[in-house]
Structures are given as C-alpha cells and as structure tokens.
Amino acid sequence: MRLTEDNKLKKLVVVGDRVLIKPKKASEKTSSGLYLPPGVQEKEKVQQGYIMKAGPGYPIPMHVEEDEPWKEKDENVRYVPLQAKEGDLAIFLLTGAHEVIYEGEKFYIVSQNAILMLEREEEL
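Predicted, not measured: the structure shown is a model, and the values here were computed from it.

Participant: Any chance you could break down the overall build of the chain for me, citing the residues and the numbers?
Facilitator: When helices and strands are counted, the chain shows 0 helices and 8 strands. Scored against the burial criterion, the 124 residues of the chain give a buried share of 23%. Surface summary for the chain: the accessible area is close to 9500 Å², and the carbon and sulfur share equals 53%.

Listed below in structure tokens is the structure:
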C-alpha cells in the first residue's frame, strides 16, 4: 500500500496532524459464519485501513524576538512528527474521521487523535 511514482495520490498534501486512510475491505461474514449485508461493517464505530499519506505533524510555535527588528524573520515552520507513517495499518474511530471520495475511491481523513492503534511491518 505504499505510494509509487506513478500513483495518483502524490499530488495530495495532507495538512497538520492528519492522515489519509484507505479503508481495508471488510469481511463479508462473521467468525461464526453468518454473512453480513453490505454497509453493516461501515457503520461500526471502529474501522481499519492503510495510511496512504501523513501530514507533517504538530506545528511548534516559533520564538519571537521583538528586540531586534532589523533581523530577518525566519519563516521555517518546525513540526513534531506523527507516530503514524505511510503503509501502517491504522485502527481508528469513525466518529473522528471525514469520508472523502477522490478519483472514485473512498478515503478517510483522520486526525492522529482518532487513531487507536497502528500495525507496522517493521519493528517499532
């Protein structure tokens, strides 16, 4: 689920502490063997999906020095990075997610606060 050079999502920029999640295809039947009608899994409070893009993180307030007005202002914004990274499987609260359709595919934009757990291929 990683982004590639020819991937259409490379044009998207995720802002702040948000991530773009592609929902994982839900199971069509329960563990006991009952088949679920379409839409039942989408109404669950907790969803899971793969993180396609992640924002830069939480902005750090810049220190302002008022005593040197001739000094050039440095506009470099610094961020505290997110724990979530591209390719992680995220389990998140649906109440904190915003559903968007981009080029015919369904995605969720989720704040890092709404992510409950991450599964990563590499060791943490």
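Participant: Pulling in residues and values, what's your account of unusual backbone geometry?
Facilitator: One non-glycine residue, Glu 103, lies in positive phi territory at about 50°. Mapped onto the elements, Glu 103 comes out in the loop between strand E6 (97-102) and strand E7 (105-111).

Participant: A description of a nonpolar patch on the surface should follow, citing residues and the corresponding values.
Facilitator: On the surface, a nonpolar cluster with roughly 340 Å² of combined accessible area is contributed by Val 46, Leu 93, Leu 116 and Met 117. Relative to the helices and strands, Val 46 is located in strand E2 (residues 46-54).

Participant: Could you give me a rundown of the environment of Val 14, with the residues and numbers involved?
Facilitator: Note that Val 14 resides in the segment before strand E1 (18-23). Between the C-alpha atom of Val 14 and that of Gly 55, which follows or precedes it by 41 residues, the distance is 4.6 Å.

Participant: Describe the side chain of Asp 88, with residues and values.
Facilitator: Summarising the element assignment, Asp 88 is placed in the loop between strand E4 (78-80) and strand E5 (89-93). Judged by relative accessible area, which is 3%, Asp 88 ranks as buried. Looking at Asp 88, its side chain comes within polar contact range of the side chain of Arg 120, at 2.7 Å. Ignoring any residue separated from it by four or fewer positions in sequence, one finds Asp 88 in contact with Gly 49, Tyr 50, Ile 51, Gln 83, Leu 118, Glu 119 and Arg 120.

Participant: Describe the sheet that holds E5, and please don't skip the residues or the numbers.
Facilitator: Read from one edge to the other, the open sheet built from 6 strands follows the order E6-E7-E1-E2-E5-E8, with strand pairing classed as antiparallel. With one partner strand each, in any of the chains shown, E6 and strand E8 (115-119) form the two edges of the open sheet. Between one strand axis and the next, the sheet turns through 40° on average, direction left out of account. Both E2 and E5 contribute to a ladder of 5 bridges, which runs antiparallel. Residue pairing for E5: Gly 49 is matched across the bridge by Ala 90.

Participant: So, the pattern of salt bridges: which residues are in play, and what are the values?
Facilitator: Across all of its chains, the model carries 2 salt bridges by this definition. Between Lys 22 and Glu 105 there is a salt bridge, and its shortest N-O distance comes to 2.3 Å. In this pair, Lys 22 is assigned in strand E1 and Glu 105 in strand E7, connecting sequence segments 83 residues apart. Judged by its relative accessible area of 25%, Lys 22 falls in the partly exposed class.

About the criteria used
Residues numbered from 1 in each chain as written. Predicted model: local features only at pLDDT ≥ 70, side-chain atom pairs only at ≥ 80, totals over all residues. Heavy atoms only, no water. Helix = DSSP H or I, 4+ residues; strand = E, 2+ residues; numbered from the N terminus. Buried < 20%, exposed > 50% of the residue type's maximum accessible area, 1.4 Å probe, protein only. Areas by Shrake-Rupley, 256 points an atom, 1.4 Å probe, with all protein chains shown as cover. Patch = residues over 30% accessible without salt bridge, like charges linked within 9 Å, V, L, I, M, F, W, Y side chains within 5 Å. Salt bridge = Lys/Arg side-chain N within 4 Å of Asp/Glu carboxyl O. Polar contact = N/O pair within 3.5 Å; in protein donor to acceptor, adjacent residues only side chain to side chain. Contact = heavy atoms within 4.5 Å. Pairing = 2+ DSSP bridges. Axes fitted to C-alpha atoms, helices over the stretch in contact; angles between N-to-C directions.

Honestly, that's just the spatial picture; any functional story needs more than this.
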